[in-house]
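Observations on the three-dimensional arrangement
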Amino acid sequence: MTAEAIAARPVPTADWVTIEDLYRNPFPIYRKMRSEAPVHWVPAVNRYMVTSYEACHTVENDQEIFSADETNSLMKRAMGHSMLRKDDPEHDVDRKSYGSVLRPKAIKEHWNAIFQANHEKYLARLKAAGPGSDLIWEYAAPYAAENLRLVMGFHNATQEDMQRWSQTMINGTGNYADDPEVWAASEKSYNEVDDAIDEILPYLRKNPDSSLLSGMTSMPIPLEAIRANMKMTIGGGLNEPRDVLGVAVWALLSHPDQLAQVLADPALYPTVFEESVRWVAPIGMYPRETTRDTVLEGVQLPKGARLGVVVGAANRDPAVFEDPESFNINRPKKPHLAFGGGNHYCAGAWVAKASVSGIALPQLFAELPNLRLDPERPAVDAGWVFRGMNALPVRWDAK
Ligand code: HEM
């Protein structure tokens, strides 16, 4: 045993944590855990939850000790073996197959115009539904789904298909209770996505465009990997822009001083985006597994330990962020962990920023005068592995 391991303390157990409490509001739980230790064994979750900023950062940047290729991964069952569950060099081959489709140049030259058209389409839908309707389900969800559909090149599917595929496969990824109905819905989507890919690839080979699937037609990568990466991207690229959009609108509408500041200076929308994903990380936790006995921030972990990297907690670590529980666009700029880090740093971060803070947020506030929360029906925020708004009824004045 090394001197470090001898000096390290055993990992504490947090047997008081329940899934129901995490789902409703994980932040008081994270606060208590972080104040006790950077890592806990949490029986209800069947994982070691890593909650301090430093510890999450260490895990993200060391794939030798903290592997993304988890044993018995439910994500692999639900979506196939994607880049997100591979370490380098295998991960790197898959990641490179995405080329420059999601990068700033392509966004500027190609995707921004498409995001703009989608914004107009779903803003019209929200306006038609009228004041009192739900901003998430009439606007944010279909907007995010339609953007992703076109970025990926699923010309043979609808945005509703994308939403169904995403949610059912995410449910599979989180199906720790092994519910057969959840697996049935997830497997149905798995097969539908494979069929859609098989159908569209020959079309895109003949009619190439700027999409991810079109790019795949010339990449030296097996069909199985393409299928898994596409499913993971459907699961990882839809709910998150939807959720940051919802949280950002909710946060601004609940903080009138900051809303006034942003309305007076629309250049602040990118800051609103960054503070929203720090405050409520859309992906609150993702897994890693130790490849050997190790010590993480002074805490002993055995080989094969299944970790939950809780970036939702790290982003509110008072060791890094002053008054971390508050939404505050004027806080000193410090890097948050909402997009992960290291080799798995989110491939879609630019797409999310362009579509949400470049187009959706400024135009929603400009197009819906006196946008405000509906006093009669409360907004509902929920979730912990994924967190966002389940409901966001809003009102506005006629223009
Ligand atoms: C606010 C929106 C988003 C957030 C907060 C977010 C968050 C994340 C996080 C935390 C990871 C790393 C997970 C891990 O290491 O296990 C990740 C990876 C990834 N994300 Fe995103 N994401 C967002 C939007 C998107 C979008 C719009 C797309 C696609 C267009 C996308 C595609 C991906 C892909 C392909 C990976 C895997 C990268 C790799 O393994 O190398 N994401 N994302």
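Residues numbered from 1 in each chain as written. Predicted model: local features only at pLDDT ≥ 70, side-chain atom pairs only at ≥ 80, totals over all residues. Heavy atoms only, no water.

Per an unreviewed UniProt entry, the protein goes by the name Cytochrome P450 and belongs to Crystallibacter crystallopoietes.

1. Remarks on unusual backbone geometry
The cut-off we apply is this: By the criteria applied, helices consist of DSSP H or I runs no shorter than four residues and strands consist of E runs no shorter than two, each listed in order from the N terminus.
For the bond from Asp-88 to Pro-89, the omega torsion is 10 degrees, close enough to zero to count as cis. Structurally, Pro-89 is set in the loop between helix H5 (74-79) and helix H6 (90-96). Residues other than glycine seldom take positive phi values, yet Asp-178 does so here, at roughly 60 degrees. For Asp-178, the location among the structural elements is in the loop between helix H9 (159-173) and helix H10 (180-206). Positive phi is not limited to glycine here, since Glu-297 has a value of about 45 degrees. Note on placement: Glu-297 falls in the loop between strand S5 (294-296) and strand S6 (299-301).

2. Topic: the side chain of Ser-73
In plain terms, the rule: The definition of a polar contact used here is a pair of N or O atoms within 3.5 Å, where within protein one atom must be able to donate a hydrogen and the other to accept one, and adjacent residues in sequence count solely through side-chain atom pairs.
Topologically, Ser-73 is positioned in the loop between strand S3 (66-67) and H5. Side-chain polar atoms of Ser-73 contact the backbone nitrogen of Lys-76, separated by 3.0 Å.

3. Quick word on helix H4 (residues 53-60)
Stated precisely, the cut-off is as follows: Here's how the labels work: a residue is buried when its accessible area is under 20% of the maximum for its type, exposed when over 50%, partly exposed in between, all with a 1.4 Å probe on protein chains only. Of all possible arcs, the one meant is that of the directions from the helix axis to the C-beta atoms. Only heavy atoms enter the contact rule, under which two residues are in contact if any of them lie within 4.5 Å.
Buried within H4 are the following residues: Tyr-53, Ala-55, Cys-56, Val-59 and Glu-60. Taken around the axis of H4, the buried residues stretch over an arc of 170 degrees, which confines them to a single face. Where the residues of H4 are buried, they touch strand S2 (47-50), S3, strand S4 (286-290), S5, strand S7 (306-309) and helix H16 (311-314).

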